[in-house]
Amino acid sequence: KRRKSRERKMCSGGTLSILRSDSYADLSQYRDQHFRGTRYEQERLLRKSCTLYVGNLSFYTTEEQIHELFGKSGDVKKIIMGLDKVKKTACGFCFVEYYARGDAENAMRYINGTRLDDRIIRTDWDAGFKEGRQYGRGRSGGQVRDEYRQDYDAGRGGYGKTVQCQ
Amino acid sequence: EIGQPHKRRRTSEPSEIEERLESLICRVGEKSTSSLESNLEGLAGVLEADLPNYKSKILRILCTVARLLPEKLTIYTTLVGLLNARNYNFGGEFVEAMTRQLKECLKVNMYSEAEYLVRFLSDLVNCHVIAAPSMVAMFENFVSVTQEEDVPQVRCDWYVFAFLSSLPWVGKELYEKKDAEIDRLLSHTESYLKRRQKIHIPMLQVWTADKPHPQEEASRLYLLYTYLDCLWAQIQKLKKDRWQERHILRPYLAFDSILCEALQHNLPPFTPPPHTEDSAYPMPRVIFRMFDYTDDPEGPVMPGSHSVERFVIEENLHCIIKSHWKERKTCAAQLLSYPGNNKIPLNYHIVEVIFAELFQLPSPPHIEVMYTALLIELCKLQPGSLPQVLAQATEMLYMRLDTMNTTCIDRFINWFSHHLSNFQFRWSWEDWSDCLTQDLEKPKSKFVREVLEKCMRLSYHQRIIDIVPPSFSVLSPANPVCIYKYGEESNRSLPGYTVALCLTIAIKNKASNDEIFNILKDVPNPNQDDDDDEGFTFNPLKIEVFVQTLLHLAAKSFSHSFSALAKFHEIFKALAESDEGKLHVLRVVYEVWKNHPQMITVLVDKMIRTQIVDCAAVANWIFSSELAHDFTRFYVWEILHSTIRKMNKHVLKIHRELEETKERLARQHKRRDSDDDDDDDDRSSDREDGPLEEQIERLQEKVESAQSEQKNLFLVIFQRFIMLLTEHLVRCETGGIDIFTPWYKSCIERLQQIFLQHHQIIQQYMVTLENLLFTAELDHHILAVFQQFCALQA
């Protein structure tokens, strides 16, 4: 068996860099500022993670819908809905954990940037769920992006919080 | 902050030069301000200059592009031709390296790569690198594989295919030099194809035929040929056309004056590696076509299905997908920039090739969701033309649902619903009103129902009601609400009603498991007059009350239900200890959630993973009379295949654990042997081994028990299929009715699907299947499925 794998390596002689390209599954530039640990440690976890952060969800998107969509790239282990810290209602993000990293990679390649509930959703690698991370970090309880945005988004509570308070 | 250590960089490090060379070589042929010919000439000059220092790297890169970028075949053969003209020795070394690479690929079962290498070598004849007679000699060795005895047919198939598929590129040149030999090879090929058995074909067809022979309609071609038969027809036509082939881009023609001055090399004699037990040849494939020249009346004419152009275009498009499947935007762009854009209806070819892959049996080359994402990217890049072609394709597939293989219909349902969810579910449903007048079991109405159900899963019930015309409400999915039998006051006379009420209150008050057990003790057992002391023999009513109540309380979301399963795991395990208990739990889950198949699916999955039920129980439940009404519904088969996959993964996982532990022991032995001293304390070294050896023994047992459970699962499934199908056949025969009902077609194709989807594992059970289940006494309709499966890798 070992001889076969050596043969395979010899034969493939490595692949070409243009065919190695896997930009959808690469780490993004984003790093969670609240991560407890070094940047190095964080990236190590991101590179072996089976968990994805999913953003730009509608407040009305359900766990069931997320399960159906993300189930297309493999067996989903767990979904944790993002909640408004105050209201404890959905606030437009979630975590999706797979049993196998390969399945999460396929989600990054084929589900990221497509639509759920008519909205283009975004997925990114997550270092792993920890209690407390299911809550929005915005001052009003939802996500930070909903604090300051100026546009009207019917699926995300209408205007941004600062606009609403004006 | 501690970051990653930085690498010291020097300019012009060897690896950087290699990267540059690789980049130069890979990029040639891409969009450029200069012509392809001048780029090739320039690159040949650069490489020639680098040969003294980087020959082995250049050799390796060129061998790699030959293997991995087949869609640019003729660009690279031209490059090699130019290099050979400038440096004869390099040409010779390249040919040798390629031959070695080909042999290695065949030895490790890399047949796609081998196919591309053979094609590359044959095109090198056109570039005056390889002498035609030596190429013919290689093909003679390929075709003589068909004379080998006791080898699988798939082996001969591959070697014949490798020969035939090179002819579009090199047929003309070889025939001009060695017509008698080529004619002989073609004649041998023809007689092989005639005597080749084709029992397995029906299993792999996307569309079934009414008659057992391949048929063609006047303007529509639903070819039932294998890939090989179709290619044979194309080569015959090519020969008739005196090997004139006009589609392939041949950059070497522009360099003819230089290349014909070059000295050629002889291919070293090549003997195909012998067949071994480890050889695993590609599965036979059936050609898939949906379009012909009538489908795009405005645009360029689509090459006929027996034309070699069709073969070349399809091959190249498949290769592009194979190269760029991870990068959907790049893949879409590369497909759309396929040369010859204005001479062929490229959008039609692309859509056809994508569906060919999506519907390929047993499995698509890539994960299904990739094709959805790819088609969306293509629609974005060609918003004025591609969506229309896609709509046309969808319409055509819909019209042929009656004869479409059930597995392919599954994939069509998944693709179409997911696609629609990206386009606000916009579709001209009224165009499909014909399905409303049909019986609900007919393929078209079934298809629409399943699509709407999947669409609902990606959105919500009211949305689906809103997007279809009112006439389609009969096909709309049920509102996915839970059915709690103890919910209404009017049901208070039901046995167990009071216990259910009690249980509800207790659970809401966060009662402990012991308290729950106590409450359940009060449930009488309809099966026996007196409970035994512990009251935990199979008591269906107890299961009913508990499971109904709990699922009802946890109905709010998947997470709620999963928490409930976890919290009351102990109780579930106790109630479902026996096989009948497991079956009954599944029955109750179905009763509660029959309006919400998605919930049933995730609950069954969780219950298997937490060992509340086992895989065999799920299989038995699926074939039980309670589920007969839903037997042909898509979700049921998703559950069964998911169950089998979990079983398979479980076996693999334990097997891996065993292998890893064995390796650890081997390493330990090696360590001890290497620092060996004469006065070794034998007892202490045994003690070190002890725990590992014990672990290995335990894991060995675990593997055997898992494998036995896996085998049992398949046997249960096959047995139940046989019972069900036999019942149907007997009933039809005694009643004098036609056996080919929609139910029967669906059922027999589901049986085929089990064989195809899990063929590698089922191969292990051939003897048992032959002797125990698929015996000669079986109805020949059922036996035929087994025989087709046997023929697949024979």
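Rules and cut-offs
Residues numbered from 1 in each chain as written. Chains lettered and ligands numbered in written order. Predicted model: local features only at pLDDT ≥ 70, side-chain atom pairs only at ≥ 80, totals over all residues. Heavy atoms only, no water. UniProt positions renumbered as here; feature names shortened; annotations may be inferred. Helix = DSSP H or I, 4+ residues; strand = E, 2+ residues; numbered from the N terminus. Buried < 20%, exposed > 50% of the residue type's maximum accessible area, 1.4 Å probe, protein only. Contact = heavy atoms within 4.5 Å. Areas by Shrake-Rupley, 256 points an atom, 1.4 Å probe, with all protein chains shown as cover. Lys, Arg positive; Asp, Glu negative; His and termini not counted. Charge placed at Lys NZ, Arg CZ, Asp CG, Glu CD. Patch = residues over 30% accessible without salt bridge, like charges linked within 9 Å, V, L, I, M, F, W, Y side chains within 5 Å. Salt bridge = Lys/Arg side-chain N within 4 Å of Asp/Glu carboxyl O. Buried area = accessible area lost by both parts, 1.4 Å probe. Polar contact = N/O pair within 3.5 Å; in protein donor to acceptor, adjacent residues only side chain to side chain. Nonpolar A, V, L, I, M, F, W, Y, C, P; charged D, E, K, R; others polar. Phe/Tyr/Trp six-rings, centres within 6.5 Å; stacked < 30°, edge-to-face > 60°. Lys NZ or Arg CZ within 6 Å of the ring centre and 35° of its normal. Domains from an automatic or database assignment. Expected span 1.5 Å × (residues − 1). Axes fitted to C-alpha atoms, helices over the stretch in contact; angles between N-to-C directions. Parallel < 35°, antiparallel > 145°, perpendicular 65-115°, else oblique. Left-handed = near helix turned anticlockwise from the far one by under 90°. Pairing = 2+ DSSP bridges.

Named according to an unreviewed UniProt entry, chain B is NCBP1 protein originating from Nothoprocta pentlandii. Chain B has a UniProt comment under Sequence similarities (unreviewed entry) that states "Belongs to the NCBP1 family."

Going by what an unreviewed UniProt entry lists, chain A is known as Nuclear cap-binding protein subunit 2 and is assigned to Nothoprocta pentlandii. Quoted verbatim from the Sequence similarities (unreviewed entry) heading of the UniProt record, the comment on chain A is "Belongs to the RRM NCBP2 family." Under the UniProt heading Subunit (unreviewed entry), the entry covering chain A gives this text: "Component of the nuclear cap-binding complex (CBC), a heterodimer composed of ncbp1/cbp80 and ncbp2/cbp20 that interacts with m7GpppG-capped RNA."

1. Examining the overall build of chain A
When its secondary structure is counted, chain A shows seven helices and six strands. Each helix and strand of chain A, placed in order from N terminus to C terminus, yields the pattern α-α-α-β-α-β-β-α-β-β-β-α-α. Summarising its shape, the C-alpha atoms of chain A cover approximately 70 × 35 × 30 Å along the three principal directions. Burial status across chain A gives 51% buried among its 166 residues. In chain A, 62% of the contacts between residues at least 6 apart in sequence involve partners at least 24 apart. Working note: accessible area of chain A is about 8700 Å², and carbon and sulfur atoms make up 50% of it. Each charge sign in chain A was given a centre, from 33 positive and 23 negative side chains, and these centres are 7 Å apart.

2. A word on a negative patch on the surface
A surface patch of negative charge is lined by B:Glu693, B:Glu694, B:Glu697, B:Glu701 and B:Glu704. Of note, B:Glu693 is situated in helix 29 (residues 682–735).

3. So, the pattern of salt bridges
Oppositely charged side chains are able to pair whenever their charged atoms sit close together. Scanning all chains against the criterion turns up 59 salt bridges over all chains. Note that A:Arg149 is salt-bridged to A:Asp151, the shortest N-O span being 3.5 Å. B:Glu626 is the partner of B:Arg587 in a salt bridge, and the nearest nitrogen-oxygen pair spans 3.0 Å. On the criterion of sequence distance, the pair formed by B:Arg587 in helix 25 (residues 579–593) and B:Glu626 in the loop between helix 27 (615–622) and helix 28 (634–674) is long-range, its members being 39 residues apart. Three or more residues joined by partner-sharing salt bridges are found here, namely A:Glu68, B:Glu453, B:Lys454, B:Arg457, B:Asp630, B:Arg633 and B:Glu638.

4. What about the interface of chain A and chain B?
Across the contact, 44 residues belong to chain A and 51 residues belong to chain B. Summed over both partners, the interface of chain A with chain B buries about 4500 Å², with 51% contributed by carbon and sulfur atoms. For the pair chain A and chain B, the number of links is five salt bridges. A salt bridge links A:Asp75 to B:Arg609; the shortest N-O distance between them is 3.2 Å. Where chain A packs against chain B, one counts 19 residue pairs in polar contact (both at pLDDT 80 or more). Each residue belonging to the side of chain A that touches chain B can be placed in one class, and the counts come to 14 nonpolar, 14 polar and 16 charged.

5. So, the packing of aromatic side chains
A full pass over the atoms with the stated rule returns 54 aromatic pairs over all chains. Each ring, one from B:Tyr111 and one from B:Tyr281, has its centre 5.4 Å from the other, and the planes form 45°; the classification is tilted. Residue B:Tyr111 is found in helix 5 (residues 111–126), and its partner B:Tyr281 is found in the loop between helix 11 (256–259) and helix 12 (308–324); the two are separated by 170 residues along the sequence. Note on B:Tyr111: relative accessible area 6%, which makes it buried. Owing to a relative accessible area of 6%, B:Tyr281 belongs among the buried residues under this scheme. Here the aromatic rings of B:Trp637 and B:Phe721 are separated by 5.7 Å at their centres, their planes lie at 25°, and the arrangement is stacked. Linking B:Trp637 in helix 28 with B:Phe721 in helix 29, this pair joins segments that are 84 residues apart in sequence. A relative accessible area of 1% means that B:Trp637 is categorised as buried. The exposure class of B:Phe721 is buried, given its relative accessible area of 0%. When the ring centre of A:Trp125 is taken as reference, the NZ or CZ atom of A:Arg101 above it lies at 3.8 Å. Note that B:Lys454 overlies the ring of B:Phe634, its terminal NZ or CZ placed 4.9 Å from the centroid.

6. Some remarks on a positive patch on the surface
All names here are of chain B. A surface patch of like charges, here positive, comprises Lys653, Arg656, Arg698 and Lys702. When residues of the positive patch are traced back to their parent elements, those giving at least two are helix 28 and helix 29. Position of Arg698 among the secondary structure elements: in helix 29.

7. A few points about the domain arrangement of chain B
Residues and elements named next belong to chain B. Per the domain assignment, the segments making up chain B are domain 1 (13–258), domain 2 (309–473) and domain 3 (641–668 + 691–789). Contact with domain 1, which involves six residues of that partner, is made by eight residues of domain 3. Across the interface of domain 1 and domain 3, roughly 550 Å² is buried in total on both sides, 72% from carbon and sulfur atoms. For domain 1, the biggest contributors to the area lost against domain 3 are Ile199, Met203 and Thr208; these three give 78% of the whole. Across the domain 1-domain 3 interface, the total number found is zero salt bridges. Linking domain 1 with domain 3 are zero residue pairs in polar contact (both at pLDDT 80 or more), by the criterion used here. Residues belonging to the side of domain 1 that touches domain 3 are distributed by class as follows: four nonpolar, two polar and no charged.

8. So, the side chain of A:Ser49
All names here are of chain A. By secondary structure assignment, the location of Ser49 is in the loop between helix 3 (39–48) and strand 1 (51–55). The class for Ser49 is buried, based on a relative accessible area of 6%. Among residues more than four places away in sequence, those in contact with Ser49 are Arg101, Trp125 and Asp126.

9. A short note on helix 17 (residues 406–421) of chain B
Residue and element names in this part refer to chain B. Here helix 17 is 16 residues long and its end C-alpha atoms lie 23 Å apart, about the 22 Å a rise of 1.5 Å per residue gives. Along helix 17, 16 of the 16 residues are buried, which leaves the element largely enclosed by surrounding structure. Residue Asn405 occupies the N-cap position of helix 17, its side-chain oxygen lying 2.8 Å from the main-chain nitrogen of Thr407.

10. Things to note about the packing of helix 5 of chain B against helix 6 (residues 132–143) of chain B
All names here are of chain B. Where helix 5 meets helix 6, the closest approach of the two axes is 9 Å, and the angle between their N-to-C directions is 150°. With respect to helix 6, the axis of helix 5 lies roughly antiparallel. Once helix 5 is placed against helix 6, the crossing between them reads as left-handed. Across the interface between the two elements, Val118, Leu121, Ser122 and Val125 from helix 5 touch Ala132, Met135, Met138, Phe139 and Phe142 from helix 6. The class makeup of the residues in the contact of helix 5 with helix 6 is eight nonpolar, one polar and no charged.

11. Focus: the sheet that holds strand 6 (residues 122–126) of chain A
Neighbouring strands of a sheet are bound in pairs by backbone hydrogen bonds; such pairs are parallel or else antiparallel. All names here are of chain A. Judged by pairing direction, the sheet is antiparallel, and its four strands sit side by side in the order 2-3-1-6 without closing on themselves. Lying at the two open borders of the sheet, with one neighbouring strand each, are strand 2 (76–83) and strand 6. Sheet twist, expressed as the average angle between the axes of neighbouring strands with direction ignored, equals 25°. The sheet contact formed by strand 1 and strand 6 spans five bridges and is antiparallel. Within strand 6, the residue paired with Leu52 across the bridge is Trp125.

12. Examining the pairing of strand 2 of chain A
Residue and element names in this part refer to chain A. Pairing of strand 2 with strand 3 (residues 90–98), which is carried by six bridges, proceeds in the antiparallel orientation. Across the sheet, residue Leu83 finds its bridge partner in strand 3, namely Ala90. Between strand 2 and strand 3, which pair antiparallel one after the other, the connecting turn spans six residues, and Lys88 there sits at a positive phi close to 60°.

13. Let's talk about helix 16 (residues 386–399) of chain B
In an α-helix, one turn spans 3.6 residues, which is why side chains three or four residues apart end up on the same side. With 14 residues, helix 16 of chain B should cover 20 Å at 1.5 Å per step; its first-to-last C-alpha distance of 20 Å lies within 8% of that length. Every buried residue of helix 16 of chain B is listed here: B:Leu386, B:Val389, B:Leu390, B:Ala393, B:Thr394, B:Met396, B:Leu397 and B:Tyr398.

14. Observations regarding the UniProt feature "domain: RRM" (unreviewed entry) in chain A
Here the UniProt-annotated "domain: RRM" (unreviewed entry) positions come out as residues 50–128 of chain A. Helix makes up 23% of residues 50–128 of chain A and strand makes up 39%, while its end C-alpha atoms are separated by 8 Å.

15. Looking at the packing of helix 32 (residues 766–773) of chain B against helix 33 (residues 780–792) of chain B
Residue and element names in this part refer to chain B. Where helix 32 meets helix 33, the closest approach of the two axes is 12 Å, and the angle between their N-to-C directions is 160°. In terms of axis orientation, helix 32 runs roughly antiparallel to helix 33. At the point where helix 32 passes helix 33, the crossing takes the left-handed sense. Across the interface between the two elements, Met766, Leu769 and Glu770 of helix 32 pack against Phe786, Phe789 and Cys790 of helix 33. Tallied by class, the residues present in the contact of helix 32 with helix 33 amount to five nonpolar, no polar and one charged.

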